[in-house]
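This is what each chain is made of:
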Amino acid sequence: MEVDPKPPDEPTTRGGLELPWLEKFRPTLISEIVGNTEAVARLQVIAEEGNMPNVILAGPPGTGKTTSILCLAHQLLGPNYKDAVLELNASDDRGIDVVRNKIKMFAQKKVTLPPGRHKIVILDEADSMTSGAQQALRRTMEIHSGTTRFALACNTSSKIIEPIQSRCAIVRYGRISDVDILSRLKIVAEKEGVTYSEEGMEAIIFTADGDMRQALNNMQATHSGFGFISPENVFRVCDQPHPKLVAAIIDHCAHANLDDAYAGLKKLLDTGYSAMDVIQTVFRVVRNSELQEFVKLEFLKEIGFCHMRVNEGVNSRLQLTGLLAKLCSKHPSLA
């Protein structure tokens, strides 16, 4: 469950235990949030002017949606935060009864706030709310619009019913760029005394795939387990197929060498990786490869179809073997 951003003077331990780096270095001001410059700039304007609309923050996990809302609430409400903010996470029951009782009672509660400020209801993972709860929420948003603002964070905005979408300003978050993740990782590494190689940092960025939460967790896990951030240590901790092995398979496919490509795939699957582990790494490797453009596009098309079938539950070895055969058939001499 997400936690409130800690004020600057909060200790870095809890119950005598060291905080996870994810919480220890969580931004407390909107200006400290990394990546998604345009989205953060919009929230910064709201924080400065104080006129907050109902908002939906939509985007992939680990890109700063919940942190942004918490920072915004802290900057708008300051010392009134505890009395004027209701936070509900996906781990809480958020059926229609919660909307009718808990949220409605909070919206009706009288809280003394500075002029122009409103109470804030934060609904994290809002796309997992039931349709009935969302319908009830729509009416509550309308009735109490004078005193309460709603902030919804979700991965997919299309799972929020349209009547709620039309009542909210939608702020879209994208995956954080590799450059932004690297700069934040280096700041954390310096403060925590982490020793690393540049290749090790690249490996962490590869495993995170634009997810800052994942990147910080992977770096802390690797540092705790091995004391040094190197590619070998990172992939041992994260337990993902090594991109060099996958790159070798792709290279065999690019040269229409099916037997060697299958031997590499068999080695990965026999190690215990699932079809989903392999196909996700194959996609990232091909996307970042130096293949000719038309070959890369054909490869990505076939990988996409295979990924769809694997995602639907057809995750047998046969699917991946068929993918290798299709990739081999894209060789210019066989076209």
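Conventions we followed
Residues numbered from 1 in each chain as written. Predicted model: local features only at pLDDT ≥ 70, side-chain atom pairs only at ≥ 80, totals over all residues. Heavy atoms only, no water. Pairing = 2+ DSSP bridges. Helix = DSSP H or I, 4+ residues; strand = E, 2+ residues; numbered from the N terminus. Axes fitted to C-alpha atoms, helices over the stretch in contact; angles between N-to-C directions. Buried < 20%, exposed > 50% of the residue type's maximum accessible area, 1.4 Å probe, protein only. Domains from an automatic or database assignment. Left-handed = near helix turned anticlockwise from the far one by under 90°. Contact = heavy atoms within 4.5 Å. Nonpolar A, V, L, I, M, F, W, Y, C, P; charged D, E, K, R; others polar. Polar contact = N/O pair within 3.5 Å; in protein donor to acceptor, adjacent residues only side chain to side chain. Salt bridge = Lys/Arg side-chain N within 4 Å of Asp/Glu carboxyl O.

**Description of the sheet that holds strand β4 (residues 85-88)**
At step 1: Pairing within the open sheet is parallel, and its 5 strands lie in the order β4-β5-β6-β3-β7. Either end of the sheet is taken by a strand with one partner, and the two such strands are β4 and β7 (169-172). Sheet twist, expressed as the average angle between the axes of neighbouring strands with direction ignored, equals 15°.
At step 2: Relative to β7, strand β3 (residues 55-58) runs parallel, the two sharing 4 bridges. Opposite Leu57, over in β7, you have Val171 as the bridge partner.

**Considering the environment of Ala221**
At step 1: Here Ala221 lies in helix α10 (residues 212-226).
At step 2: We classify Ala221 as partly exposed; its relative accessible area is 34%.
At step 3: C-alpha of Ala221 to C-alpha of Lys191: the two residues are 30 residues apart in sequence and 16 Å apart in space.

**Observations regarding the domain arrangement of the protein chain**
At step 1: Segmentation of the protein chain into domains returns domain 1 (21-172), domain 2 (178-238) and domain 3 (243-329).
At step 2: A separation of 41 Å is found between the C-alpha centroids of domain 1 and domain 3.

**Some details on the environment of Pro20**
At step 1: Its place among the elements puts Pro20 in the loop between β2 (17-18) and α1 (21-24).
At step 2: Spatially, the C-alpha atoms of Pro20 and Ala221 are 9.9 Å apart, while their sequence positions differ by 201 residues.

**Some remarks on the packing of helix α8 (residues 178-192) against α10**
At step 1: For the pair α8 and α10, interaxial distance at closest approach is 11 Å and the crossing angle is 35°. Of the two possible hands of crossing, α8 and α10 adopt the one that is right-handed. Counting all contacts with α8, which are made through Asp180, Ile181, Arg184, Leu185, Val188 and Ala189, the residues of α10 involved are Met212, Ala215, Leu216 and Met219.
At step 2: When grouped by side-chain class, the residues that make up the contact of α8 with α10 number 8 nonpolar, no polar and 2 charged.

**With respect to the side chain of Lys24**
At step 1: Tracing the backbone through its elements, the reader meets Lys24 in helix α1.
At step 2: Polar side-chain contacts of Lys24 include one of 2.7 Å to the side chain of Glu192.

**Quick word on the pattern of salt bridges**
At step 1: Scanning the entire structure with this criterion turns up 12 salt bridges.
At step 2: A salt bridge links Asp270 to Lys266; the nearest nitrogen and oxygen atoms lie 2.9 Å apart. Within this pair, Asp270 and its partner Lys266 are both found in helix α13 (residues 258-271), separated by 4 residues, close to a single helical turn.
At step 3: For Asp270, a relative accessible area of 46% puts it in the partly exposed group.
At step 4: We note a salt bridge from Glu298 to Lys330, for which the minimum N-O separation is 3.2 Å. Of this pair, Glu298 sits in helix α15 (residues 293-311) while Lys330 sits in the segment after α16 (317-328); the two residues are 32 residues apart in sequence, bridging distant segments of the chain.
At step 5: Residue Glu298 is classed as partly exposed on the basis of its relative accessible area of 29%.
At step 6: On the basis of relative accessibility, which here comes to 23%, the residue Lys330 falls in the partly exposed class.

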